[in-house]
Amino acid sequence: MTPRRVLVTGGAGFIGSHVADELVARGDGVVVLDDLSTGDPANVHAPAELRIVDISDARALGRAVEGERFDAVVHCAAKTKVVQSFEQTARYREVIVDGTRNVLDAALATGAHDVVNISTGGAIYGETPQCASEDGELHPPSPYGQLKAEAEPLVQRAGLRGVTLRLANVYGPRQRQDLEGGVIAIFLGAWRRGDALTVYGDGKAERDYLYVGDVAEAVCAALDGSFTGVYNIGTGVATSVNALIDMMSAVLGAPHGVHHAPERPGEIQRSCVDPSKAAREGLWRPRTTLRAGLERTAKLA
Ligand SMILES: NC(=O)c1ccc[n+]([C@@H]2O[C@H](COP(=O)([O-])OP(=O)(O)OC[C@H]3O[C@@H](n4cnc5c(N)ncnc54)[C@H](O)[C@@H]3O)[C@@H](O)[C@H]2O)c1
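Note that the structure is a prediction, hence the values are computed from the model and not measured. The residue numbers shown here count from 1 along each chain, following its written sequence. Only residues with pLDDT of at least 70 are given local features in this predicted model, and only at 80 or more are side-chain atom pairs given and counted; all residues enter the totals for whole chains, interfaces and linings.

1. Side note on the pairing of strand E6 (residues 161-167)
- Burial in this document is a count-based property: other C-beta atoms within 10 Å of a residue's C-beta are tallied, and the residue is buried at 20 or more, exposed at 12 or fewer, or partly exposed in between, with C-beta positions derived from the backbone. Note on conventions: DSSP H or I runs of at least 4 residues are helices, E runs of at least 2 residues are strands, and numbering of each starts at the N terminus. Across the 7 residues that make up E6, a large majority, 6, are buried.
- Two strands make a pair as long as DSSP finds a minimum of two bridges between them. Across 7 bridges, strand E5 (residues 114-120) lies against E6 in parallel orientation. Pairing of asparagine 117 across the sheet is with threonine 164, part of E6.
- Crossover E5 to E6 through helix H5 (residues 143-156) is right-handed.
- Relative to strand E11 (residues 229-233), E6 runs parallel, the two being bridged by 5 bridges. Bridged to leucine 167 within E11 is isoleucine 233. With its strands directed away from the observer, a crossover is right-handed exactly when the path from the first strand over the helix to the second travels clockwise.

2. Focus on the site of the ligand
- Working rule for contacts: place C-beta from the backbone, and if it is within 6 Å of a molecule or strand, that residue counts as near it. Every one of the 30 residues lining the ligand counts as a neighbour, but Gly10, Gly13, Phe14, Gly39 and Ala78 are closest to it.
- Elements with a contribution of two residues or more to the shell around the ligand: helix H1 (14-25), helix H4 (89-109), E5 and strand E7 (169-171).
- The leading source of residues in the shell around the ligand is H1, at 3 residues.
- The nonpolar class holds Ala, Val, Leu, Ile, Met, Phe, Trp, Tyr, Cys and Pro. Asp, Glu, Lys and Arg form the charged class, and all remaining residues, Gly among them, are polar. Looking at the shell around the ligand residue by residue, the class counts come to 12 nonpolar, 13 polar and 5 charged.

3. Quick word on helix H7 (residues 212-224)
- In this model, H7 (13 residues) spans 19 Å end to end at C-alpha, consistent with the 18 Å of a helix rising 1.5 Å per residue.
- Extensive coverage of H7 is indicated by the burial of 11 of its 13 residues. Helices are assigned an expected span. That span is 1.5 Å times one less than the residue count.

So, in C-alpha cells, the structure goes:
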C-alpha cells in the first residue's frame, strides 16, 4: 500500500496506541489526537506525533488539524467506563456522541476519505446466549453502550467511507489495571503483586476475549479495503472467568488465592460476538488464541 497520513484519535490509549504502532510499522504517517485523560504520552512512539486536544471541543479540534491533509481517520478516543457512564452521562455524551461528530467534521475538513470507527460489541448487544451477529438487536445495558450505539450511524452518514468495528473484550500489553480495566489486566496485576484474585459471582460469566494485536490488524484491513458498514471483531468463543483463571494459571503458575465477592448488579452473564461477517467478506479473522495472547501479554505487559 502507498503510505498514508492517518489521524488516530485516542492514540495514547490502550487500543489506539497499538493501532498507531501498526500503522507506523507499515510506513504510514501518524498524528495522534488525545486529551490524555486515560492515555499516556509514553504510549505514543516516534515518528507518530502527539497533539493534546479534547475531541469534544470542536474549536480546539479544528485548530489542532487546521491546514492539514489526512487520508484517513481511525477514531478510538472515548470515555470507556461502564459504571462511570451512569454517574457522568452528560460528559460521556459530549465525548462519545459530540466528539464523534467533531472528529467526522475534522476528517472532512482535512480531506480524509476513509474513517474507521472503534465501537463495542461487548457493551452494545446485551446478553448473547448465541454470539451476536451485526444485524441482531442492540440492548446496551449502560449509558456507555447506548452512546456508542448512538455514535455509530453518524459515521455511516458522514459522506466518507465509514467502517465501524464492534470489538469484543480486548486485552493485551498496556491495558490499564484500574478497577474498571479489563479483567485480564487486573488479574495479571494481582498475580504480579502476590494478591488474591477477586471473582464477582460464581465465575461462570463468559466473555469473548480478543487480543489487541488482532484489533490493530483488523483496523489496517478496514483501512486498506473498500468495506463499509458495521463489522464484529471478536473470536466467537465465550470463555468463563473460571476457565480464564485456569488458563492464566497454566501460563503464570497458581494464583495467590481466589476471593469471591457478590455479583455486581447489571453484570452480563454471557457476552460474545460472531465475527463471521468479517471473515466471509475477507476483512479479517481472529488469529491469536487466548492462550497465545495471554503468554504474549504476560511477557510484554
Ligand atoms: N478495551 C476494550 O475492551 C474495548 C472493547 C470495545 C471497544 N472499545 C473501544 O475502544 C476504544 C479505545 O478504548 P481503550 O480500551 O483503548 O481505552 P483507553 O482509555 O485506553 O483509550 C481511550 C483514549 O481516548 C482518550 N480520550 C478520552 N476522552 C478524550 C477526549 N475527550 N478527547 C481526546 N481524547 C480522549 C484517552 O486519553 C485515551 O488515550 C474506545 O472507543 C472504546 O469504546 C474498547
